Each structure stands twice: as structure tokens, then as C-alpha cells.
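These are the residues of each chain, in order.
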Amino acid sequence: MAVPLSADRFLEALEAEGLRVAEVGDWRTHNREHMGPWGPVHGIVVHHTATSGAESTVRLCYNGHTDLPGPLCHGVITKDGTVHLVGCGRANHAGLGDGDVLRAVIAEKRLPPDNDTDTDGNQVFYGFECENLGDGKDPWPAAQMAALEKAAAALCRAHGWTERSVIGHLEWQPGKVDPRGFTMEGLRERIRERLK
């Protein structure tokens, strides 16, 4: 069980990992906590945005849309490797997912298949949205993948987690396909090496 990082500690953790960070609007107090609790936190969910264009992607993740108000994550990782902070606290990103997956994340064990939607992921997971069309063809630049690896490792380091605390949306919620274009096992291996 982990207490969520404060805005200052979140920013410090990312910068200590060598990331280029952009603070967006009132991200420090921008959240959905009036809709439910935030924390304890147990891990990180990785997403792709199904959008292109850094500015419009960051704006969408900050503001959300009619059916899903923002913030839609905690940080947006654009193709140039910048982490744009758009929220601190509960965010609309993980939705309902599989409680068995959450238990595996907490235990840092191999993930079971995600076949239920019985657990609120917005309460217990940080979320990073990555600018990508998610069509399997849109490239993942090296700078973006390095930033994702560093951002996830930064939070793992801050909480004393291993790479097993990092999951893809497709591993959490049935029917989701993100992130598409790389494997979560490959990303976890990179995070594991970084945490050594």
C-alpha cells in the first residue's frame, strides 16, 4: 500500500530520472477526487491516446471531452519525449478493471488474464498517456520510449516498486488494446534494467 505522491514529490521524481517535464495549467490541483477516493496507489497504467499532434493531445488529456472529463491521466508523453503533467490525484484513465490483475500487481506477480470489470482503477493507478494513433503503424520514437521507461521507473523508484507494478491498459480492462506498437513485457524489461 502506498500513499500517492504529492505534486512536488511527483515532479521531483520525474526530474531526478532525467526527464524533460512541462507543467500544464493548474495540474497540481486538477483531478477528479470529487468523484471518488484517490489512493492507496499500487501501480502505473500505460495508454496510447489514439491521437496525433502534441498540443491537441495534451489539451485533450487535460480537459477531457463531453463523455469523460479531464484529467485523462497524470502525464502525457509526447513523441519528443516530454512529459506534460496534466493532473495530480484521481484521473479518468483506468476505469473499471480486473481485481485479480490488481492483486497480482500488488503482489508483483505475473498477471492473470483480465476478464472482469469489478475494480476501480482510477483510485489505485497512476496513468501515463502516450501520443500515438494506436494503429500499430504510427511509430514510437526512441525519445518517447525512453521517456516512458524513465517516467514509469521514476514512480517505481519513489514507491519501492518493481517493474511488475507497470501494466498496460490492455492488461487491466477487457476489450482495451492500448498501448499498441510495443509489448508491455519489453517495456517492463527496460524498466527492470533501469531500476538496477
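Residues numbered from 1 in each chain as written. Predicted model: local features only at pLDDT ≥ 70, side-chain atom pairs only at ≥ 80, totals over all residues. Heavy atoms only, no water.

A. Up close: the packing of aromatic side chains. In total, this model carries seven aromatic pairs according to the counting rule given. With centroids separated by 6.5 Å and ring planes inclined at 50°, the aromatic side chains of Phe 10 and Trp 27 adopt a geometry described as tilted. Of the two residues, Phe 10 sits in helix α1 (residues 7-16) while Trp 27 sits in the loop between β1 (20-23) and β2 (43-48), which places them 17 residues apart along the sequence. As far as burial versus exposure is concerned, Phe 10 and Trp 27 are alike and both buried. Relative to Trp 161, the ring of Tyr 126 has its centre 6.3 Å away and its plane inclined at 55°; by these criteria the two rings are tilted. Of this pair, Tyr 126 sits in strand β9 (residues 125-130) while Trp 161 sits in the loop between α5 (142-159) and β10 (166-168), and the two are 35 residues apart along the sequence. Pair check on accessibility: Tyr 126 and Trp 161 agree, each one buried. Taken together, the ring pairs in this structure connect Phe 10, Trp 27, Trp 38, Tyr 126, Phe 128 and Trp 161 into an aromatic cluster. (Phe/Tyr/Trp six-rings, centres within 6.5 Å; stacked < 30°, edge-to-face > 60°. Helix = DSSP H or I, 4+ residues; strand = E, 2+ residues; numbered from the N terminus. Buried < 20%, exposed > 50% of the residue type's maximum accessible area, 1.4 Å probe, protein only.)

B. Local environment of the state of the cysteines. Here the structure, examined in full by the defined rule, presents zero disulfides. In this structure Cys 61 is a free cysteine whose sulfur lies 4.3 Å from that of Cys 73, the closest cysteine sulfur available. Look at Cys 61 and you get buried, because its relative accessible area is 3%. You can see Cys 130 has no disulfide; the closest cysteine sulfur is in Cys 73, sitting 8.9 Å from it. The exposure class of Cys 130 is buried, given its relative accessible area of 0%. (Disulfide = S-S within 2.5 Å.)

C. Geometry of the environment of Leu 170. The residue Leu 170 is located in helix α6 (residues 169-172) in this model. In this view, Leu 170 contacts Asp 114, Lys 176, Val 177, Asp 178, Pro 179 and Met 184; residues no more than four positions away in its chain are not counted. (Contact = heavy atoms within 4.5 Å.)

D. The sheet that holds β1, seen in detail. As summarised here, the arrangement of the six strands in space is β1-β6-β5-β9-β2-β10, forming an open sheet in which the pairing is mixed. Since the sheet does not close on itself, it has two edges, and those belong to β1 and β10, each with one partner. Strand after strand, the sheet turns through a mean of 25° between neighbouring axes, direction not considered. Where strand β5 (residues 75-77) and β9 come together, three bridges link them in parallel fashion. Bridge pairing in β9 links Ile 77 to Cys 130. Its contacts with the sheet place helix α7 (residues 184-195) against β2 and β10, and it is angled at close to 160° to β10. (Pairing = 2+ DSSP bridges. Axes fitted to C-alpha atoms, helices over the stretch in contact; angles between N-to-C directions.)

E. The pairing of β9, seen in detail. Summarising burial for β9: six of the six residues are buried, a large majority. Neither face of β9 is left uncovered, since the one carrying Phe 125, Gly 127 and Glu 129 and the one carrying Tyr 126, Phe 128 and Cys 130 both have all their residues buried.

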